[in-house]
Structures are given as structure tokens and as C-alpha cells.
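Here is what each chain is made of, one letter per residue.
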Amino acid sequence: MDSHRAAFVAEAEDGITDLNNALLALEADPEDAEAMDDVFRVAHTLKGNAAAMGYEDVSDFGHALEDLLDAVRQGDREVTPELMDLLFEGVDTVEAMVSEIADTGDVSTDPSDLEGRLREMEEHGTVGGGDEDGDTAEGDSGTNAGDADASADDEGADDGDAGADAGEPEEDSGDADDVSVPDLPDAAAALDDPVAYADVTIGETAMAGVDAALVVQALGNQFGEYVTVPDAEALEDGEYDERFDAFVGDADPDVVAEGLGALTQVESIATAGVENGEDGEAGDEDGESTEAGDAAETDDAEATADDDDPDTASDTDDTADGADAEEEDTTEAEDDASDSGSSSDSKSGDEIKSIRVDVDQVDELYGLVEQLVTSRIKLRRELEELNAQSDALDELDKLASSLQDTAMDMRLIPFSQVSDSFPRLVRDISRDLDKRIDFEIEGDDVELDRTILTEMRDPLVHVLRNAVDHGIETPEEREAAGKDPTGHVRLTAERERDHVIIEVADDGGGLDPDQLREKAVDEGVKSREAVDAMEDDEVYDLVFHPGFSTAEEVTDVSGRGVGMDVVRTTARDLDGSVSVESEPGEGTTVRFRLPVTVAIVKVMFVDVGGTEYGIPIKSIAEVARADDVEEVHGDEIVRHEDDLYPVIRLNERLANSGAAAAGSGVGAGGPGQSEAAAGDEAGAATTDDDTASATTDGGVTDEGMLVRIREETRQVALHCDAVLDQEEVVVKPLDGPLSGTPGLSGTAVLGDGDVVAVLDVVSL
């Protein structure tokens, strides 16, 4: 995908998300003028960007969508459920067309049927309500022009304009009869007469290079011969000061003003005619100053010409709205620097605060960092074998750690990148099911690794669908139960040390454990004896069994028993977990526990029956000799202050779970190595700092060693034969038959080539 198309797609996808959320706000409060302005602004920008890139299908359809929105904004049409459904359908169509552009560069979707319905809603306030449908579909272009003229007249009156004349500029455009033409650059000498000069103002923008590139591309597509000052390459790099000059060969100034003025990237444009080779100002009728979107009417009903009048009518709104849209991505610009002639001083303090980087480049960088970490481990082990010390290696450790942290931070993106699309999802499902839902999102600024968020989107969609379909009752059922007829679904994300807790909670009917037991027996999932022996918490986990469903009937939304098993598998593949809590009649909560980042972690290596395993340092609270183990009611425990920690003997647990077979042979640590390494690690455990290392208070004893796990992770103590060493390693998730093995989270490749299994202390 070329850079211009990629920039267009990225901006369009952001715009579609913004448009969905603005429409939801408008639907919730039709009197919200700010939401209406947001909707219109985003739709207008999407349409203009598509036109600049030459995607006429998207632009024409966006024009129909914009015209209907303008009718709503002018008060000609009321916000009704039918209208909102049509607008959301229109946004979905734009999203489909943008997706096709991203994949192939072309649009194959035919939106003509929906476009006709949008026009019908704009003209008649309903769809399919009259005999004028054929005329409406047949004469869309003429209707557009008439409506646009009317809209321009109305808004012109509101803005205090004297009329709707095409050549009337804003106050910052200068006198229409006095356009100063600079000296022709040497490169313009080859342009064919007549030469049209254009003073193009982009204005403040967070994407100066992209906006200028779209204008330059439009110059090439519409006129062919042109020269810009600065040159096109400098413009695409953003090296200009809010405005630039353009000289167009064999062109009329009016046509240039009309073509470039229609672009939403252009804030204002002033044009004049000039004879090739002459300096100074133009002295003929070609001298004209035109605001973006102001264009003379043409005889035909082309969509490009139709676009101009509504653009003109909304110049003032667009300028203000555009400033609002860019406030997050632009640096400060003083209001008193409105004159473009003095803009160099106001712009000198501006900086580009962010850049777009392809995710493949970020992944490649992260892969290189992983290789660097592995090579660093290998180098340190070789030096240790030679009993050599190196200050340079210590410095390399610090630099590599800093680079690793930076690379990992680059992969972190806010939860809102996924959650922003969920309000629309919940809204559509609730309307299909005739339910009233109040949907709330908290913690959308919490950051997670891009890979984790990407993989978790579908599981979260499935859980939200279940909450709306199975969890929340109908308004009649809720009222009969003494509840608010409007159900509540809440999606929250919260950071806990190195993990993020994501919860989907509803206040619906909840899960009945007895009903789940009966279902499990009826469907052959468990025997009667097995379900009767289960605690309620264990019964809730039955929903993750493949094919198991509590739905009484299958709907288009859910109920086929497909999905919750995939939800759990996905969470486990990401080294996370998922659980269900429910209270009959009160609601259900599905809780995900996921790591913030993937791959590089610090682990402590332990010896279990001659096999080396890794335990994440972040999970360890303390390491001590196993000489204080007690037996209570047949179970081994160890005391820490006033708490009791059950002891898990790893050699027995790993053998029973199958993890020992999975881990055997992937790494080995001999007893001699164990004693030496453990001796080097003598000291007290440090637990206060997230990045602190867990150290032992002794070496190997006949009783072995105990690794006490942090209470918030799991209140247990792991028994091993010896504690070996600790290192930062690259952890790869288990694939194939080993995927989902209880007690194992992945494997680590050491510098000497050994592969060591890393334990999952939660599922062990």
C-alpha cells in the first residue's frame, strides 16, 4: 500500500470510529448541538478526503450522507429511530468501502440503493412512503444542486453574508481585485500559457505533510502541469509554513480555484492569471480570491460540482470544527497570528509531536530487540565460564534494557483502540432484541500490548453479545422482577502491576448453578455424581466447555454453544486467564486477567528432578529453605507471618498435569551447577519494587527450596530441588499440542541454545 493511500485509510478508519460515537451521542440526545456538529464535521472530512484521493464512489456516497445530516442540522428532519438506523447503515457502507480500498485500492461495493434511500429520507422524511421514488433516484444530481443552493442561502444568511456569490472571500483572503503574484520560479518557465497562480493556505494541521500531499496529488490529477513553491517533495515532508504557492500551466484561475477549493485540506485559496515570464500582479479579470469550497455553478450535475455549494455554506463551521478536531495532535498556536503573512513567527514554536509508523516496522524492531536480549545472555554466560568480568558488558546490559523498555512501550496502545467500537455494537444488538441497554466503559486509557489487544477483540465481542442477549432481560421481564427496565452493561479495564484486569459485567438474570448442573448432565458434559460434587464456582466454569450453552433458543446473536471455549483458549494462549462470577437474579461478571506485554520477562530458574524450569520474577515474593514445612490435616503448609501457604511440590504436580513431560528435555540444569548458582544468589528476598530481583537466603538443602508466590497472584509456595539463576529471557507461547497445557505459560530460549519451560503459577 502506497503511503498516501495508507494515510487516507488510517485517517478514514479513525473518522469512522468518531462518526459512530458522535451518532450514538446524537441518538442519546437529539438536542445536542455539539454532537450534531461533530457528526457533520467528520462526515464532511471523510467525503473531502475521498474526493482528494480520487475515490469518487466514496465521495458521492458521502455527499448523500452529508446532505441528510445537513437537513437534520438545519431542522428540516427530526432525529428518529428510522433515520438513525439509516445513518448507521451508511457509516457501515463507508467502512466497507474503506476496507476495500485498504485491501485492493479500489471500491467494488455498489451503494446506489442505500444512496437512494438516503436521498428519499432527506426529501420526504421517510423511506418507501411515496410514488416519487423513481424520480428521486433518477434525479439525485439535480436535487443535490438545488438542496445545496438552498443550504448555502440559509447558512449565508445566518453568517451575515451579503449573498452566495462564488468569489466572496473571508476576511483573511485579501481583496478579490488585488492578488499579489510572486516572481515566477525558474521551473515554471516550461509551463504552457495561460499560467494560473494560486496562493494555497492549508492552515494549522496535525498532518501537514499528508494534507499537502493530497493537494499536490489533486493538482496532478486535475491539471497535469504545475510547479509549487516549496517543491512537492518538501511539501510532502511538511516543510512549509501553513501556505504555499502553486503555478498551474494551461489553466484558468477560476477552474483552479474551483478544483482546489473543494478539498477539505484547503482552508483558503486566492488565484490570479499571469503571463508566463512576467512578474508582478495580474491586471485582468482573472484576479480573484476564493475561499475553500466556493465555486461557480456548472451546467452539468457532476458530484464534484454539487459538492462545492454545501462546502461553501459551511466554511465557518468547518474551520471551527477542524480546529476542535486537531486540538489533541497539534501544538499551541496563538489566536493573534491569524494573518498568514506573519504566520512564520507563530509557527516557529510548533513541533510534530507524533508520527505514523507501520506496525510491521514496530514488530521488526521488537524482533531485533529479542535477538539482542538472547545474544546478551549468551555473551554473559560465555564470560562467566571464563571467570571474566567486564564493565563494558554491564553498560551493554543497561543500554539493552533501556532499548527493550522503549521497544515494548512502542507496542503499547490504549484500550480505547478496541473499546471505541463497542458502544455501536451494543446499540445495534439491543435494538435488534428490543432491549434497553445503558452501556458504560471505564479505563479505556489503560495500555496493553498491540498483539494482546488485537487477539482479545473477538473474545470481548462475544462476551458482550452474550451479556446483551443472554444476560439482560427484556424490559417487561425486568419490570416484573422489580428492576429498572433499562439494563446496565459495564466494560472496565484496570492495571494491576504487570497485568490488566478486563471485566464485562451486567445486571441481568445471572447464571443459575443448578440449571447449569442439569444442562451439563443432559448434554453429557459431566456425570450426575461429578456435578453434585462441584462447588458453584466450579460449575460456572462449565460455560467454557465446547458446545455447552445455557440459551433456551438459538438467535442470530448467540446461543449455539460456540465461542466461550475459544474465549478461554485465546486468553490462555496470551498467558492470561478468564473466569466467571454470577449471582442468580443479580447479574454476571466475566473477568479476564492478561499480561500488559508479551515476550521479554525476567525469570528465576529452578531445578525439579533434574529438569530446569523458569518462574516469572514478578510472581515471586520470597525464596527460602524448605525446613519450616508443616503438615495440617494431611496437607503441607508453610507459615508466613499470620498467613498459611499451601505447599505445591513441583515434581509431583508437574508429573500429574503433564507439564513435566512437556518440559522434560527442553532444558537441564545439573546438581553441580545448581549449587554454584544458588550460592551466588545468597541473600534476602526483595519484594517492594516491581523490577526488584528475588534472591534466596541460602543454597541447596536436603529438604529443597521453597518459592513463595505473591499473595495477589496465588497464595501458594512452590517446592523445588534447587534454585539456580535469574535472567531476562524471551518467552514464546506454546503452540500445537502443548498449547493450553496447565502449569506452563511458554518456553524461553537461552543464550547457549537450551530451551526452558516457563511455569504459569496461576494454573499450576
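All figures in this text were calculated on a predicted structure; none of them were measured in a lab. (Residues numbered from 1 in each chain as written. Predicted model: local features only at pLDDT ≥ 70, side-chain atom pairs only at ≥ 80, totals over all residues. Heavy atoms only, no water.)

(A) Main features of the overall build of the chain. Secondary structure summary: the chain contains 26 helices and 23 strands in total. In the chain, the share of contacts with a sequence separation of at least 24, taken over all contacts with a separation of at least 6, comes to 70%. When the accessible surface of the chain is totalled, it reaches about 36,100 Å², and 43% of it is carbon and sulfur. (Helix = DSSP H or I, 4+ residues; strand = E, 2+ residues; numbered from the N terminus. Contact = heavy atoms within 4.5 Å. Areas by Shrake-Rupley, 256 points an atom, 1.4 Å probe, with all protein chains shown as cover.)

(B) Fine view of the pattern of salt bridges. Under the counting rule described, the total for this entry stands at 27 salt bridges. Across the salt bridge formed by Arg 517 and Asp 536, the nearest N and O atoms sit 3.0 Å from each other. Here Arg 517, found in helix α20 (residues 513–522), pairs with Asp 536, found in helix α22 (residues 536–540); they are 19 residues apart in sequence, far enough to count as distant. Given the relative accessible area of 11%, Arg 517 is considered buried. Given a relative accessible area of 36%, Asp 536 falls into the partly exposed group. Between Glu 581 and Arg 591 there is a salt bridge, with its nearest N and O atoms 2.8 Å apart. With Glu 581 in strand β11 (residues 577–583) and Arg 591 in strand β12 (residues 587–595), this residue pair connects regions lying 10 residues apart in the sequence. Assessed through its relative accessible area of 43%, Glu 581 is described here as partly exposed. The network of salt bridges with common partners includes Glu 27, Asp 85, Asp 92, Arg 424, Arg 427, Asp 428 and Arg 431. (Salt bridge = Lys/Arg side-chain N within 4 Å of Asp/Glu carboxyl O. Buried < 20%, exposed > 50% of the residue type's maximum accessible area, 1.4 Å probe, protein only.)

(C) Local environment of the packing of helix α14 (residues 359–385) against helix α15 (residues 391–410). Direction vectors running N to C along α14 and α15 enclose 155°, while the axes themselves pass 10 Å from each other. Between α14 and α15, the angle is such that the two are roughly antiparallel. Where α14 crosses over α15, the two elements pack in a sense that is left-handed. Contacts from Val 362, Leu 365, Tyr 366, Val 369, Leu 372, Val 373, Arg 376, Leu 379, Arg 380 and Leu 383 in α14 reach Leu 393, Asp 394, Leu 396, Asp 397, Ala 400, Ser 401, Leu 403, Gln 404, Ala 407, Met 408 and Met 410 in α15. (Axes fitted to C-alpha atoms, helices over the stretch in contact; angles between N-to-C directions. Parallel < 35°, antiparallel > 145°, perpendicular 65-115°, else oblique. Left-handed = near helix turned anticlockwise from the far one by under 90°.)

(D) Summary view of the nonpolar core. Within the largest apolar cluster, 63 residues are counted, with the highest numbers of intra-cluster contacts made by Val 200 and Leu 260. At 11 residues, helix α4 (residues 81–104) tops the list of elements feeding residues into this core. Excluding residues that lie within four positions of it along the chain, Leu 260 makes contacts with Val 200, Val 215, Ala 218, Leu 219, Val 266 and Ile 269. Core analysis: the second largest hydrophobic core is formed by 49 residues, Val 426, Phe 439, Leu 511 and Phe 544 among them. (Core = buried A, V, L, I, M, F, W, Y, C linked by side-chain atoms within 4.5 Å.)

(E) Up close: α4. Look at α4: 35 Å from first C-alpha to last across 24 residues, which is about the 34 Å you get at 1.5 Å a residue. Positive phi shows up at Gly 105, right after α4, with a value of about 90°. (Expected span 1.5 Å × (residues − 1).)

(F) Here's a closer look at the side chain of Arg 710. With respect to the helices and strands, Arg 710 occurs in the loop between β19 (705–709) and β20 (717–720). Polar contacts involving the side chain of Arg 710 include one to the main-chain carbonyl oxygen of Lys 618, which spans 2.9 Å. (Polar contact = N/O pair within 3.5 Å; in protein donor to acceptor, adjacent residues only side chain to side chain.)

(G) Geometry of the confidence of the model for the chain. Across the chain, the average pLDDT comes to 74, with 73% of residues at 70 or higher. Taken as a whole, residues 664–701 scores under 50 in pLDDT and shows 77 contacts with residues more than four places along the chain or in a different chain. (pLDDT = per-residue confidence, 0-100.)

(H) Representation of a negative patch on the surface within the structure. Taken together, Asp 432, Asp 434, Asp 438, Glu 440, Glu 442, Glu 476, Glu 477, Glu 479 and Asp 484 make up a surface patch of like negative charges. Residue assignment for the negative patch shows that the elements contributing at least two residues are β7 (437–442) and α19 (475–480). Within the secondary structure layout, Glu 479 lies in helix α19. (Patch = residues over 30% accessible without salt bridge, like charges linked within 9 Å, V, L, I, M, F, W, Y side chains within 5 Å. Lys, Arg positive; Asp, Glu negative; His and termini not counted. Charge placed at Lys NZ, Arg CZ, Asp CG, Glu CD.)

(I) Up close: the pairing of strand β18 (residues 643–649). In this structure, strand β17 (residues 635–640) lies alongside β18, joined through 4 bridges in antiparallel fashion. Across the sheet, residue Ile 637 finds its bridge partner in β18, namely Pro 646. Hairpin connection of β17 to β18: 2 residues between the antiparallel strands, including Glu 641 at a positive phi of 55°. (Pairing = 2+ DSSP bridges.)

(J) Expanded view of unusual backbone geometry. Residue Pro 194 is reached from Asp 193 by a cis peptide bond, and omega for that bond is -5°. On the secondary structure map, Pro 194 appears in the loop between α7 (140–159) and β1 (195–201). The step from Val 229 to Pro 230 runs through a cis peptide bond, and the omega angle for that step is 0°. Mapping Pro 230 onto the fold places it in the loop between β2 (226–229) and α9 (232–236). Within the chain, Asp 434 stands out as a residue other than glycine whose phi angle is a positive 55°. Summarising the element assignment, Asp 434 is placed in the loop between α17 (422–432) and β7. For Asp 434, a relative accessible area of 62% translates into the label exposed. A positive phi angle, near 55°, is found at His 633, a position not held by glycine. Position of His 633 relative to the elements: it lies in the loop between β16 (630–632) and β17.

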